[in-house]
Protein chains: 2
Amino acid sequence: MLQAVHSTQVPLRGPIAAKAAPQTVTVPPRDRLAALAVHRRLRAKETAFYEGDAADALFEVVGGVLKLYKLLPDGRRQITGFAYPGSWVGIGLCDTYAYTAEAVTDVTLIRYPRARLESLYDEVPGLARRILSLTAAELATAQDQMLLLGRKSAMEKIASFLLRLSEQAEERGDDACELSLPMSRTDIGDYLGLTIETTCRVLSQLCRMGVIEMCGRNRIRLRDPDQLADLAEGEALSSASML
Amino acid sequence: MLQAVHSTQVPLRGPIAAKAAPQTVTVPPRDRLAALAVHRRLRAKETAFYEGDAADALFEVVGGVLKLYKLLPDGRRQITGFAYPGSWVGIGLCDTYAYTAEAVTDVTLIRYPRARLESLYDEVPGLARRILSLTAAELATAQDQMLLLGRKSAMEKIASFLLRLSEQAEERGDDACELSLPMSRTDIGDYLGLTIETTCRVLSQLCRMGVIEMCGRNRIRLRDPDQLADLAEGEALSSASML
DNA sequence: CGGTGCTTTGAGCATACTCAACATCAGTGG
DNA sequence: CCACTGATGTTGAGTATGCTCAAAGCACCG
């Protein structure tokens, strides 16, 4: 069973999580993966699993957006990431999930039983490597986020967040200046380590500065992406202090 | 070459990065890995690689402690982790390193050329899985750190940090109450998203509260680990407000 | 001993938080 | 269709936590 190696190459679905090099997996494994897959739908606000649950499955996001978060005993919340189509959720070696996964919008998932998926790691060349690649991309994103959370100001955080959304939109083939924000202001704050009030205030300030424009609650138009990029890295333009 | 599978099992060196289940790899791969390995020594303050360098190798820490950090253009720094013996450094899919790795103490590393290591992933069963396990552990740690950076107070950050060091000491078989802090106060601050002054102040406060005791600059004794655990999760005891 | 680098402590301040009021939107039912 | 309601978002005023700037203490090392 370890022989079945040199067959045609088929690209797996690409990751959202940025810089992952295009990877491939041989065909038969694709089938063996498919044999494990079970589709699952969630309505907005439903959870796929809770932090602390037995981690018996991995999920691939096919449609919609999930938020992944951790809680402190007193209810403070940190969203560790948003999962867009192409993301894998629940990766991590532990036997319990390290975070809760809750649907922001209606969501479609593919569920892979963990034990059976992992038993394929050693049999299906490229599979472990593929998962590794996704995990490594997620790790790189997490490290960027640590820099953001630990060292950036509120303005820099919001600007960085909008820019990342813009890059993702571009990767998806959408207009990089027309952002959709499916998550609430509270969610954005909990992702960036801010309160909802600060999140609102900074967004309003960016509007006043003419850097962005709000088109309804969940839609933002970037009017000056270059200035936004400057703001994201602390190159506070003089106009930043005006107002 | 895909046949050489069922030989005796040998545990690879365990990870510091916590909850990784003990994993094993078959013997021949161990040899193949060893064939790639090159030892390297660093004196304190030397760097193994810089953020942005071509990522042509992975490193396993054998002795000493490294700090891994990212910089903003204006010099603000976020340490994303400390690498103790057993840690692998430089994991991440990118073709450039995502952070700088600098020796805190004198350090001994094993260097694995990345391309050649990765070419073994599909040939050596268990290898990719092993690296995946390490990466996943690092990801879980990173997510904990996001919660800390985004949502914890200075006191909670310091308390959490000391507790994690204590757990690591225990895993290493050392006394869980006798912590060695090889890194400077500045490093601790840059790891926790604090300034050096706040770091000092909180440590002093913990001393005054009788929770810890400082035995020289780089050594701390935990006198009340239970209270420290309470402080780490925001269960601010009344004594916390009494200076 | 005197330097240099790291740490500690103090005083004042700024950023982001808390609390509170109000505005807006989406969904519901009259 | 509009009025009502609850949820979500926005804005303001005051405050607190942690930062900045500054000085002094301490330890290690020639």
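Residues numbered from 1 in each chain as written. Chains lettered and ligands numbered in written order. Predicted model: local features only at pLDDT ≥ 70, side-chain atom pairs only at ≥ 80, totals over all residues. Heavy atoms only, no water.

Caption draft 1: Focus on the environment of A:Asp190. Among the structural elements, A:Asp190 can be located in helix α5 (residues 185-192). Residues A:Asp190 and A:Thr80 lie 110 residues apart in sequence; the distance between their C-alpha atoms is 8.7 Å. Those residues in contact with A:Asp190, other than ones at most four positions away along the chain, are A:Arg77, A:Gln78, A:Ile79 and B:Arg151. At a separation of 2.6 Å, a polar atom in the side chain of A:Asp190 contacts the side chain of A:Arg77. (Helix = DSSP H or I, 4+ residues; strand = E, 2+ residues; numbered from the N terminus. Contact = heavy atoms within 4.5 Å. Polar contact = N/O pair within 3.5 Å; in protein donor to acceptor, adjacent residues only side chain to side chain.)

Caption draft 2: Up close: the protein's contact with DNA strand D. Contacts to DNA strand D come from 18 residues, most closely from A:Arg185, A:Arg201, A:Ser204, B:Ala154 and B:Thr198. Backbone atoms, meaning sugar plus phosphate, form 64% of the atoms of DNA strand D positioned within 4 Å of the protein. Here a phosphate oxygen of DNA strand D and a side-chain polar atom of B:Thr198 are 2.4 Å apart. Sorting the residues of the surface near DNA strand D by element identifies α6 (196-208) of chain A together with α6 (196-208) of chain B as the ones contributing at least two each. A per-element tally of the surface near DNA strand D places α6(A) first, with 4 residues. The residue inventory of the surface near DNA strand D, partitioned by class, reads 4 nonpolar, 6 polar and 8 charged. (Near = heavy atom within 4 Å. Nonpolar A, V, L, I, M, F, W, Y, C, P; charged D, E, K, R; others polar.)

Caption draft 3: Quick peek at the interface of chain B and chain A. Between chain B and chain A, the residue contacts involve 53 residues of the former and 53 residues of the latter. Here chain B meets chain A over a buried area of about 4,600 Å², counting both sides, of which 66% is carbon and sulfur. Summed over the shared surface of chain B and chain A, the number is 6 salt bridges. Notably, a salt bridge pairs B:Arg76 with A:Glu156, separated by 2.9 Å at the nearest N-O pair. Here chain B is connected to chain A by 16 residue pairs in polar contact (both at pLDDT 80 or more). Where the side of chain B that touches chain A is concerned, the elements lending two or more residues are β6 (66-71), β7 (77-83), α2 (114-121), α3 (127-151) and α5 (185-192) of chain B. No other element matches α3(B), which puts 19 residues into the side of chain B that touches chain A. In terms of residue class, the side of chain B that touches chain A is made up of 24 nonpolar, 14 polar and 15 charged. (Buried area = accessible area lost by both parts, 1.4 Å probe. Salt bridge = Lys/Arg side-chain N within 4 Å of Asp/Glu carboxyl O.)

Caption draft 4: Region of the structure containing the environment of A:Val124. Residues and elements named next belong to chain A. With respect to the helices and strands, the residue Val124 is situated in the loop between α2 (114-121) and α3 (127-151). The class of Val124 is buried, set by a relative accessible area of 3%. For the pair Val124 and Leu33, spaced 91 residues apart in sequence, the C-alpha separation works out to 9.5 Å. (Buried < 20%, exposed > 50% of the residue type's maximum accessible area, 1.4 Å probe, protein only.)

Caption draft 5: Representation of the sheet that holds β7(B) in the model. The strand order across the open sheet formed by 4 strands is β4-β9-β6-β7 (chain B), and the pairing between neighbours is antiparallel. What marks the edges here is a single partner per strand, and that holds for β4 (47-49) and β7 of chain B. Sheet twist, expressed as the mean angle between neighbouring strand axes with direction ignored, is 30 degrees. The pairing of β6(B) with strand β9 (residues 100-103) of chain B spans 4 bridges and is antiparallel. If you follow B:Leu66 over to β9(B), its bridge partner there is B:Ala103. Contacting β6 and β7 of chain B, α3(A) crosses the sheet at an angle of about 130 degrees to β7(B). (Pairing = 2+ DSSP bridges. Axes fitted to C-alpha atoms, helices over the stretch in contact; angles between N-to-C directions.)

From the geometry alone we can't say anything about function, so treat these as descriptive.
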